[in-house]
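This is what each chain is made of:
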Amino acid sequence: MLGVYFSGTGNTKYCCKQFCDTYEEGSIVESIEHESIVDMIRQHEEIVFAYPIYWSNLPKLVNDFIKDNASIWNKKKIYIIVTMGLFSGDGSGCSARLFKQYGACIIGGLHLKMPDCIKDVKILKKNVHDNKILVQNATIQINNAVTKLKNNTPSRDGLGYIAQLIGLFGQRLWFYNKTKHYSDKLKINADHCIGCGMCIGLCPTKNLVLLNDKAQALDKCTKCYRCIAHCPRKAITLLGNKVVQQSKIEDYI
Ligand SMILES: Cc1cc2nc3c(=O)[nH]c(=O)nc-3n(C[C@H](O)[C@H](O)[C@H](O)COP(=O)(O)O)c2cc1C
């Protein structure tokens, strides 16, 4: 089994790895950012594909990855894992419909509630103890889902028609524009930025550059919050104007 994930701040990477390691010792688990990921996918028949949900939809980067590599999904057996802060409706269904269009067979879906990753907005933020409980519960859910998959009764979170209606009318319809395009709205506070370049190395879309010893954002932000979670000066924001929390998944394991 091959685990393939995209993860902005670590939640999805943790869940994908936990699932694959529990399912089969020695599973390979890699990000869609890995330079050889397409070849790896070609070489495997069974794939666990994992991503975070943004506004009940696929992150633009994940959507593009699936579409840009349309030919590699034919005849693959794909189990989809989605992580979310609160609610996603048909989070797994969003990619399932694309994968099916490209000839894949969807063998299951799993929705996992994890700590909210929007570091510059207070709403949905939990304390360390409550986030640890969230991660513990997700881990139990993963173990149960692996058992179900092994028993040929895989979980099918987000894959039905009712879930599709809930995802569509609950959120996706109203916020569709937010995931349709990459964003040019990443803000960098030049007074706080020390030009260390950490964000530049971390960005999955190469959206950040150094100009006059200060980080500067271009117009291809996928809104993953990785740079915001790691900036040592809390100089980067996106949806809000102030970083309120920079905790990482490692703080909750
Ligand atoms: C731009 C954006 C939009 C999000 N929208 C949703 C949402 O619609 N529903 C939800 O439950 N969580 C939402 N989240 C929270 C993430 O899905 C959640 O924290 C996820 O586990 C992050 O995974 P990661 O650490 O692998 O990036 C959103 C996060 C971001 C950054």
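The shown structure was predicted, so the numbers you read here are calculated from the model rather than taken from an experiment. (Residues numbered from 1 in each chain as written. Predicted model: local features only at pLDDT ≥ 70, side-chain atom pairs only at ≥ 80, totals over all residues. Heavy atoms only, no water.)

Student: Can you walk me through the site of the ligand in this structure?
Tutor: Around the ligand sit 24 residues, and of these Ser 7, Thr 9, Thr 12, Ile 53 and Leu 86 come closest. Between a nitrogen atom of the ligand and a main-chain N or O atom of Trp 55, the distance comes to 2.8 Å. Phe 87 is positioned with one of its backbone polar atoms (N or O) 2.7 Å from an oxygen atom of the ligand. In the complex, 97% of the free accessible area of the ligand, which totals 650 Å², lies under the protein chains. Those elements giving two or more residues to the shell around the ligand turn out to be α1 (11-23) and β4 (77-84). (Near = heavy atom within 4 Å. Polar contact = N/O pair within 3.5 Å; in protein donor to acceptor, adjacent residues only side chain to side chain. Areas by Shrake-Rupley, 256 points an atom, 1.4 Å probe, with all protein chains shown as cover. Helix = DSSP H or I, 4+ residues; strand = E, 2+ residues; numbered from the N terminus.)

Student: Even after reading the chapter, I still don't get the environment of Leu 168, so can you show me in this structure?
Tutor: By the secondary structure assignment, Leu 168 is in helix α6 (residues 161-180). Along the primary structure Leu 168 and Ile 80 are separated by 88 residues, whereas in three dimensions their C-alpha atoms are 18 Å apart. In this structure, Leu 168 is in contact with Asp 90 and Leu 173, ignoring residues within four places of it in sequence. (Contact = heavy atoms within 4.5 Å.)

Student: Would you mind going over the domain arrangement of the protein with me for this structure?
Tutor: The parts lose accessible area when they come together, and the size of an interface is often stated as this lost area. One can read the domain layout of the protein as domain 1 (2-179) and domain 2 (187-239). Distance between the C-alpha centres of domain 1 and domain 2: 26 Å. On the side of domain 2, 12 residues touch domain 1, which itself brings 16 residues to the contact. Both faces combined, the contact of domain 1 with domain 2 buries some 1,200 Å², and carbon together with sulfur accounts for 62% of it. At the boundary of domain 1 with domain 2, the tally comes to 1 salt bridge. When the shortest N-O distance is used, the salt bridge between Arg 226 and Glu 33 registers 2.9 Å. Linking domain 1 with domain 2 are 8 residue pairs in polar contact (both at pLDDT 80 or more). Residues belonging to the side of domain 1 that touches domain 2 are distributed by class as follows: 8 nonpolar, 3 polar and 5 charged. (Domains from an automatic or database assignment. Buried area = accessible area lost by both parts, 1.4 Å probe. Salt bridge = Lys/Arg side-chain N within 4 Å of Asp/Glu carboxyl O. Nonpolar A, V, L, I, M, F, W, Y, C, P; charged D, E, K, R; others polar.)

Student: I'm lost on the packing of aromatic side chains in this one. Help?
Tutor: Remark: the centre distance and the inter-plane angle together describe each pair of aromatic rings, the angle taken between the planes. What the rule picks out here adds up to 6 aromatic pairs. With 6.1 Å between their ring centres and 70° between their planes, Phe 65 and Trp 73 make a pair best called edge-to-face. Ring-pair connections join several aromatic residues into one group, and the members of that group are Phe 49, Tyr 51, Phe 65, Trp 73 and Phe 99. Over the aromatic face of Tyr 23 sits the side chain of Lys 150, whose NZ or CZ is 5.5 Å from the ring centroid. Taking the ring centre of Tyr 182 as reference, the NZ or CZ of Lys 220 above it sits at 4.9 Å. (Phe/Tyr/Trp six-rings, centres within 6.5 Å; stacked < 30°, edge-to-face > 60°. Lys NZ or Arg CZ within 6 Å of the ring centre and 35° of its normal.)

Student: When you look at a nonpolar patch on the surface in this model, what are you seeing that I'm missing?
Tutor: A surface patch of nonpolar side chains, about 590 Å² in accessible area, is lined by Leu 86, Phe 87, Ile 123, Leu 124, Ile 162 and Ile 166. Within the element layout of this structure, Leu 124 appears in the loop between β5 (105-113) and α5 (128-150). Residue Leu 124 is classed as partly exposed on the basis of its relative accessible area, which comes to 37%. (Patch = residues over 30% accessible without salt bridge, like charges linked within 9 Å, V, L, I, M, F, W, Y side chains within 5 Å. Buried < 20%, exposed > 50% of the residue type's maximum accessible area, 1.4 Å probe, protein only.)

Student: Hey, could you run me through the nonpolar core in this one?
Tutor: Nonpolar side chains tend toward joint burial in soluble globular proteins. With 35 residues, the main nonpolar core has Ile 41, Phe 49, Ile 66, Trp 73 and Phe 99 as its most contacted residues. Among the secondary structure elements, those contributing two or more residues to this core are β1 (2-5), α2 (37-43), β3 (46-52), α3 (60-68), β4 and α4 (91-101). Ranked by size, the runner-up nonpolar core spans 25 residues in total, among them Tyr 14, Ala 50, Tyr 79 and Ile 81. (Core = buried A, V, L, I, M, F, W, Y, C linked by side-chain atoms within 4.5 Å.)

Student: Can you help me understand the sheet that holds β4 in this one?
Tutor: In sheet architecture, strand pairing relies on hydrogen bonds along the backbone and comes in two forms, parallel and antiparallel. If you trace the 5 strands from one edge of the open sheet to the other, you get β2-β1-β3-β4-β5, paired in parallel fashion. The open sheet has two free edges, formed respectively by β2 (28-31) and β5, since each of these has just one partner strand. Shown here is a sheet whose adjacent strand axes are inclined to one another by a mean of 20°, direction ignored. With 4 bridges connecting them, β1 and β2 associate as parallel partners. Bridging across to β2, Leu 2 finds its partner in Ile 28. (Pairing = 2+ DSSP bridges. Axes fitted to C-alpha atoms, helices over the stretch in contact; angles between N-to-C directions.)

Student: Before we go on, may I ask you to explain the pattern of salt bridges in this structure?
Tutor: A side chain of one charge can pair with a side chain of the opposite charge when the charged atoms of the two come close. Considering all chains together, one arrives at 9 salt bridges under this definition. Across the pair Lys 60 and Asp 64 runs a salt bridge whose closest N-O atoms are separated by 3.2 Å. Linking Lys 60 with Asp 64, this pair stays in helix α3, spanning 4 residues, or about one helical turn. Accessibility assignment for this pair places Lys 60 and Asp 64 in one class, buried. Salt-bridge contacts for Arg 172 lead to Asp 90; the nearest nitrogen and oxygen are separated by 2.7 Å.

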